[in-house]
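One letter stands for each residue in the lines below.
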Amino acid sequence: MPQGGNAQLSTVVLAAGEGTRMRSSTPKVLHPIAGRPLVEHAVRAAAGLDPDHLVVVVGHGRAAVTEHLEGLASALDRKVTTAVQTEQKGTGHAVSCGLSELPGTLSGTVIVTYGDVPLLETETLSALLAEHSSSGNAVTVLTAVVGDPTGYGRIVRDTDGGVTSIVEHKDADEDQLEITEINSGIYAFDAEVLVDGLSRIRTDNAQGELYLTDVLSIARGDGRRVGALVCVDAWQVEGVNDRVQLAKLGAELNRRILDRWMRDGVTVIDTGSVWLDAGVTLARDVLLEQGVQLRGSTSVGEGATIGPDTTLTNVTVAEGAKVIRTHGSDSAIGAGASVGPFAYLRPGTSLGEKGKIGTFVEVKNSEIGTGTKVPHLSYIGDATIGEYSNVGAASVTVNYDGVSKSRTTIGSHVRTGCDNMFVAPVTVGDGAYSGAGTVIRRDVPPGALAVSGGPQRNLEGWVVSRRPGTAAAEAALAAQKVEEQQT
């Protein structure tokens, strides 16, 4: 939370790096895990502090990153400012770019974090801020103790445990390389100390860059207190530099998301095959079978069963519904409804309470009413179907004439035969029936029976005369001989 009095809290998220090890045309910070780009995870963690100022430093691919941040700012209902680092001159330079977007008379505390640490939590940043304030530090660094510190800056402490400096891996000597406490790159600074220190850092290091870490040594040299908070959960400070780390952190985040939902009353049959995005919400007693992927803003109501082998994106599933072996997006499934197996819900599908979308059924931009069933082998597109109707197998709403799409309306308590074609625009009234194989081109009045086509005709001997020598003709001749012998 913001600090008391007139002091302000500012956060700077560094997200300008190119991420060459990702080997991608997509900016590194836009690569997603749990349905959100890396930078979104970082910004959400920082925004959770409710800072007075939130700045994201962008650089590589900044147009795409900025566009995403604008959408995120709207979703969070808060201002997210972007600052541009046109040249990659180190972390110190990046922070200076960020500060250029903040008030000139900056005061209070500045939290600096990164756009590629997706598991970092607001609670950890809050703890860093509390440690910084309670200990009276000028600078407080978030650290972690890891088994393999390769590539990370090392925390150098004095005999009293105070932080004397942070040495980058490439600049460390043999003794310093043995240190396992590493710099996370996440800090809390007194604003005045940060501004002053950035004006005094130099590029006399192996990379010829402006290191933000040098601000700590400057502050300590000025007699100011530099402290550290050890993050016991090292996953939170692990960054993403390549696709291997992206997958590793994605799997760990998914494990944490599943753990949270299971502790809230959700049953997950196989945690190794179920993947949930961060924006998914689940109620108590939801059952997730094997092979389930829930993405985007999907929400599942109490007692619903999802899976096995189901992928839903931005789908609302009401209580008690069952969705089996289904692929769906941007749809709504009513309470107690049944979907699948092998159903395809395209955007705009709405299935009413206790309705059914069955096996090998595709639905798009259609409302299917309470208790209505489309059991199997059908396509329902651009349609409105009322309550307690039944659509026969192999039925199609013929919604496209090659130029435009039209709508089919089927009323309540309708019974349509198998293999019906509804040539839109067309309306079938309440309580109507239709025969098997009917092509419905004109409106059907309520309570009417719709049929099409003439009476069946059998052309005797057609196969033998028109397809002589075929297996069908031989079979027909053999059958005729048996009939003759029987008579």
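Residue positions are given per chain, counting from 1 as you read along its sequence in written order. Reporting in this predicted model follows two pLDDT cut-offs: at least 70 for local features of residues, and 80 or more for side-chain atom pairs to be given and counted; totals over whole chains, interfaces and linings ignore these cut-offs and use all residues. Just so you know, side-chain values use all the structure's heavy atoms and leave hydrogens and water out.

The name given to the chain in an unreviewed UniProt entry is Bifunctional protein GlmU, with the source organism recorded as Kibdelosporangium philippinense. Under the UniProt heading Subcellular location (unreviewed entry), the entry covering the chain gives this text: "Cytoplasm". UniProt positions are given in the numbering used here, feature names are shortened, and annotations may be inferred rather than shown by experiment. Among the UniProt annotations of the chain, the heading Subunit (unreviewed entry) holds the following wording: "Homotrimer."

Asks: Looking at this structure, I do not really get helix 8 (residues 243–263). What am I missing?
Replies: Each full turn of the α-helix corresponds to 3.6 residues, which orients residues three or four apart in the same direction. The helix count covers DSSP runs of H or I at least four residues long, the strand count covers runs of E at least two residues long, and both are numbered beginning at the N terminus. Here, expected helix span is obtained from the residue count minus one, scaled by 1.5 Å. Taking 1.5 Å as the rise per residue, helix 8 with 21 residues should run 30 Å; its terminal C-alpha atoms sit 30 Å apart, in good agreement. Any pair of residues with heavy atoms lying within 4.5 Å of one another is described as a contacting pair. Of the surrounding secondary structure, the elements contacted by the buried residues of helix 8 are strand 2 (32–33), helix 1 (38–47), strand 12 (267–268), strand 13 (275–276) and strand 14 (281–282). Two N or O atoms form a polar contact when they lie within 3.5 Å of each other; inside protein one atom must be a possible hydrogen donor and the other a possible acceptor, and for residues adjacent in sequence the pair counts only when both atoms belong to side chains. Its side-chain oxygen at 3.1 Å from the backbone nitrogen of V244, D242 defines the N-terminal cap of helix 8. G265 lies just past helix 8 and shows a positive phi near 110°.

Asks: Please clarify how the environment of S395 should be interpreted in this entry.
Replies: Summarising the element assignment, S395 is placed in the loop between strand 30 (383–385) and strand 31 (396–398). Along the sequence, S395 and N241 sit 154 residues apart, while their C-alpha atoms lie 51 Å from each other. Apart from residues no more than four positions distant in its own chain, S395 is found in contact with L377, S378, Y379, T416, G417, D419, N420 and F422.

Asks: Before we go on, may I ask you to explain unusual backbone geometry in this structure?
Replies: Negative phi values dominate among residues other than glycine, just as trans dominates among peptide bonds. G307 connects to P308 through a cis peptide bond whose omega is 5°. With respect to the secondary-structure elements, P308 resides in the loop between strand 18 (305–306) and strand 19 (310–313). In this structure, R325 is a non-glycine residue whose phi angle is positive, near 45°. Tracing the sequence through the fold places R325 in the loop between strand 21 (322–323) and strand 22 (326–329). Overall, the relative accessible area of 34% leaves R325 in the partly exposed class. Buried, partly exposed and exposed residues are distinguished by accessible area as a fraction of the type maximum, computed with a 1.4 Å probe on protein chains only: under 20%, between the cut-offs, and over 50%, respectively.

Asks: Just to check I follow, could you spell out the layout of surface pockets for this structure?
Replies: Over the atoms rolls a probe the size of a water molecule, and its path tells where empty space is left. Only protein atoms enter the calculation, which uses a 1 Å grid: trapped sets of points that fit a 1.4 Å probe without letting it out are cavities, open sets showing protein on both sides within 12 Å along at least five of seven lines are pockets, and any residue with an atom within 4 Å of a point is a lining residue. Grid points are joined across faces, edges and corners, and a volume is the space filled by probe spheres set on the points. In this structure, the largest pocket encloses a volume near 1800 Å³. Around the largest pocket, the lining is made up of 50 residues, and of these R21, Y114, D116, G151 and N241 lie nearest the centre. Of all the elements in the fold, those that place two or more residues in the lining of the largest pocket are strand 1 (9–15), helix 3 (91–99), strand 10 (181–190) and helix 8. Looking at the lining of the largest pocket element by element, the count peaks at five residues for strand 10. Residues are grouped as follows: Ala, Val, Leu, Ile, Met, Phe, Trp, Tyr, Cys and Pro are nonpolar; Asp, Glu, Lys and Arg are charged; every other residue, Gly included, is polar. The class makeup of the residues in the lining of the largest pocket is 18 nonpolar, 20 polar and 12 charged. In this model, the second largest pocket occupies a volume close to 450 Å³. Lining of the second largest pocket is provided by 15 residues; of these, H41, P118, L120, E121 and L253 occupy positions nearest its centre. Contributions of two or more residues to the lining of the second largest pocket are made by helix 1, helix 4 (122–134) and helix 8. For the lining of the second largest pocket, the element with the highest residue contribution is helix 8, accounting for four residues.

Asks: Quick question: what am I supposed to make of the packing of helix 3 against helix 6 (residues 191–198) here?
Replies: Relative placement of two packed helices is described by the angle separating their axes and the distance separating the axes. Orientation is described by lines fitted to C-alpha atoms, with helices fitted over the stretch in contact, and by angles between N-to-C directions that extend from 0 to 180 degrees. For the pair helix 3 and helix 6, interaxial distance at closest approach is 10 Å and the crossing angle is 125°. Considering the angle they form, helix 3 stands oblique to helix 6. Every pair of crossing elements has a handedness; the one defined by helix 3 and helix 6 is left-handed. Taking contact as the criterion, the partners of G92, V95, S96 and L99 in helix 3 are, on helix 6, L194, V195 and L198. Grouping the constituent residues of the contact of helix 3 with helix 6 by class yields five nonpolar, two polar and no charged. Orientation categories follow fixed angle ranges, with anything under 35 degrees roughly parallel, anything over 145 roughly antiparallel, 65 to 115 roughly perpendicular, and all other angles oblique. Put simply, a crossing is left-handed when the front helix is turned counterclockwise from the back one by less than a right angle, and right-handed when it is turned clockwise.

Asks: I'm lost on the pairing of strand 8 (residues 154–157) in this one. Help?
Replies: For a regular strand, side-chain orientation follows a simple rule: the groups alternate between the two sheet faces. Across four bridges, strand 8 lies against strand 9 (residues 163–167) in antiparallel orientation. Each bridged residue has a counterpart across the sheet, and for I155 the counterpart in strand 9 is I166. Each pair of strands is called paired provided DSSP finds at least two bridges between the two strands. Hairpin connection, strand 8 to strand 9: the antiparallel pair is bridged by five residues, and G161 has positive phi, about 90°.

Asks: For this particular structure, what's the right way to read the nonpolar core?
Replies: Soluble, globular proteins show a tendency: their nonpolar side chains are buried together. The biggest cluster of nonpolar side chains holds 54 residues, and the ones touching the most others in it are L288, L294, V317 and I333. The leading source of residues in this core is helix 8, at six residues. Dropping the residues within four chain positions of it, I333 is found in contact with V315, T316, V317, A318, A321, V323, V339, L345 and L351. Nonpolar core, defined: a set of buried Ala, Val, Leu, Ile, Met, Phe, Trp, Tyr and Cys residues in which side-chain atoms within 4.5 Å join the residues together.

Asks: Mind showing me how you'd approach the UniProt feature "binding site: Mg(2+)" (unreviewed entry) in the chain here?
Replies: When the UniProt feature table is mapped onto this chain numbering, "binding site: Mg(2+)" (unreviewed entry) sits at D116 and N241. Over a stretch of 126 residues, the named residues converge on one spot in the fold, their C-alpha atoms separated by at most 7.9 Å. Within the annotated group, the residues that form the lining of the largest pocket are D116 and N241. Here D116 falls in the buried class, since its relative accessible area comes to 12%. Not counting the four nearest positions on each side in its chain, D116 is found in contact with K28, L38, E238, G239, V240 and N241. Here the side chain of D116 touches K28 through a polar contact of 2.8 Å, side chain to side chain. Considering the arrangement of structural elements, one finds N241 in the loop between strand 11 (226–230) and helix 8.

Asks: What am I meant to see in the sheet that holds strand 20 (residues 316–317) here?
Replies: Strand pairing in a sheet takes place through backbone hydrogen bonds and is either antiparallel or parallel in direction. The strand order across the open sheet formed by nine strands is 14-17-20-23-26-28-30-32-34, and the pairing between neighbours is parallel. The sheet is open, and its two borders are formed by strand 14 and strand 34 (426–428), each paired with just one other strand. Where strand 23 (residues 332–333) meets strand 26 (residues 350–351), two bridges bridge the pair, whose relative direction is parallel. Paired with A332 across the bridge in strand 26 is S350.

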